[in-house]
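Here's the letter readout for the chains.
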Amino acid sequence: MLVAAAVCPCPPLLVPEVAAGAAPEMDAARSACADALGVLAAARPDLLVVVGPAEQSGRGPFPQGTPGSFRGFGVDAEVRLGPATDTAAERELPPSLAVGAWLLERTAWGDAPIEGLGVGEPLAPERCVDVGREIGARVARVALLVMGDASACRTLKAPGYLDERAAPFDAEVARALGTADVAAVRALDAELAYELQASGRAPWQVLAGAAEGAGLGGALLYEDAPYGVGYVVATWS
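Residues numbered from 1 in each chain as written. Predicted model: local features only at pLDDT ≥ 70, side-chain atom pairs only at ≥ 80, totals over all residues. Heavy atoms only, no water.

Peer 1: What is the right way to read the environment of Gly200 from this model?
Peer 2: Checked against the element boundaries, Gly200 lands in the loop between α7 (190–195) and α8 (201–211). Here Gly200 falls in the buried class, since its relative accessible area comes to 0%. Through-space distance from the C-alpha of Gly200 to that of Ala166 is 14 Å; in sequence the pair is 34 residues apart. Setting aside residues no more than four positions away along its own chain, Gly200 makes contact with Gly148 and Asp149. (Helix = DSSP H or I, 4+ residues; strand = E, 2+ residues; numbered from the N terminus. Buried < 20%, exposed > 50% of the residue type's maximum accessible area, 1.4 Å probe, protein only. Contact = heavy atoms within 4.5 Å.)

Peer 1: Could you clarify how one ought to interpret the pairing of strand β7 (residues 142–147) in this entry?
Peer 2: Two faces make up the sheet, and in a regular strand the side chains alternate between them. Most of β7 is tucked away: six of the six residues are buried. Where burial is concerned, the two faces of β7 agree: the one with Val142, Leu144 and Val146 and the one with Ala143, Leu145 and Met147 are both buried. With six bridges connecting them, strand β1 (residues 2–8) and β7 associate as parallel partners. Bridging from a neighbouring strand, Ala6 pairs with Leu145 of β7. (Pairing = 2+ DSSP bridges.)

Peer 1: Looking at this model, I keep getting lost on a nonpolar patch on the surface. Mind explaining?
Peer 2: A cluster of nonpolar side chains, Leu156, Tyr161 and Leu162, forms an exposed patch at the surface whose accessible area comes to about 330 Å². In this structure, Leu156 sits in the loop between β7 and α5 (166–178). The class of Leu156 is exposed, set by a relative accessible area of 52%. (Patch = residues over 30% accessible without salt bridge, like charges linked within 9 Å, V, L, I, M, F, W, Y side chains within 5 Å. Areas by Shrake-Rupley, 256 points an atom, 1.4 Å probe, with all protein chains shown as cover. Salt bridge = Lys/Arg side-chain N within 4 Å of Asp/Glu carboxyl O.)

Peer 1: In this structure, what is going on with the environment of Arg154? I would like to understand it.
Peer 2: Tracing the chain through its elements places Arg154 in the loop between β7 and α5. You can call Arg154 partly exposed: its relative accessible area is 25%. Considering only alpha carbons, one finds Arg154 and Ala225, 71 residues apart in sequence, at a separation of 7.1 Å. Once you skip the residues sitting within four places of it in the chain, Arg154 turns out to touch Tyr161, Leu162, Ala166, Ala167, Asp170, Glu223, Ala225, Gly228 and Gly230. A polar contact of 2.7 Å, which involves the side chain of Arg154, links it to the side chain of Asp170. (Polar contact = N/O pair within 3.5 Å; in protein donor to acceptor, adjacent residues only side chain to side chain.)

Written as structure tokens, this is what we have:
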């Protein structure tokens, strides 16, 4: 059963080496992410699964110890998804899970095993929920670190340009995630999320599936769009 979840944005700009001179602009988001991961650690799960959006090559499961890097963003910085194991990883983490691994490396974590799951944007809401149910049923105490951004269309300079639908969409995302409203997260419109370039839709709906019947409460720790992209940090516990 799901006992705790942390929802965090996944821009590589969270990593100061990647953000370089712009690093201070993300300080509030980093601080909120650290607080959210503290809630996960306090829940003492038997398993932590990091879920994030991924392109085709980065979809599917990633075992503990899988390496990742930010070389694709011009920075020679490497991370690892939890402690190294004897299982050889066949591929690197996708960027969203690499950001999650970076956050975890800065958290006082227990001995719970850690796994990753890259989720594709096209995954239908019903299938996302099914995947979440399967994760939630794996062990007695499951925690999720859910990576993903809201819309990328909040300003004229945003990656997706300005779309008047973006702010209301992000407001509902922040409300639903901040109150652990499982039904509302499940009901997020996949087509609208795609049009607004909201990479978190599928991972959030995996969370909704895992949280069914868990009776968790939510807390919204951060919501802003410093680069025209909606970033939300929330906890479910």
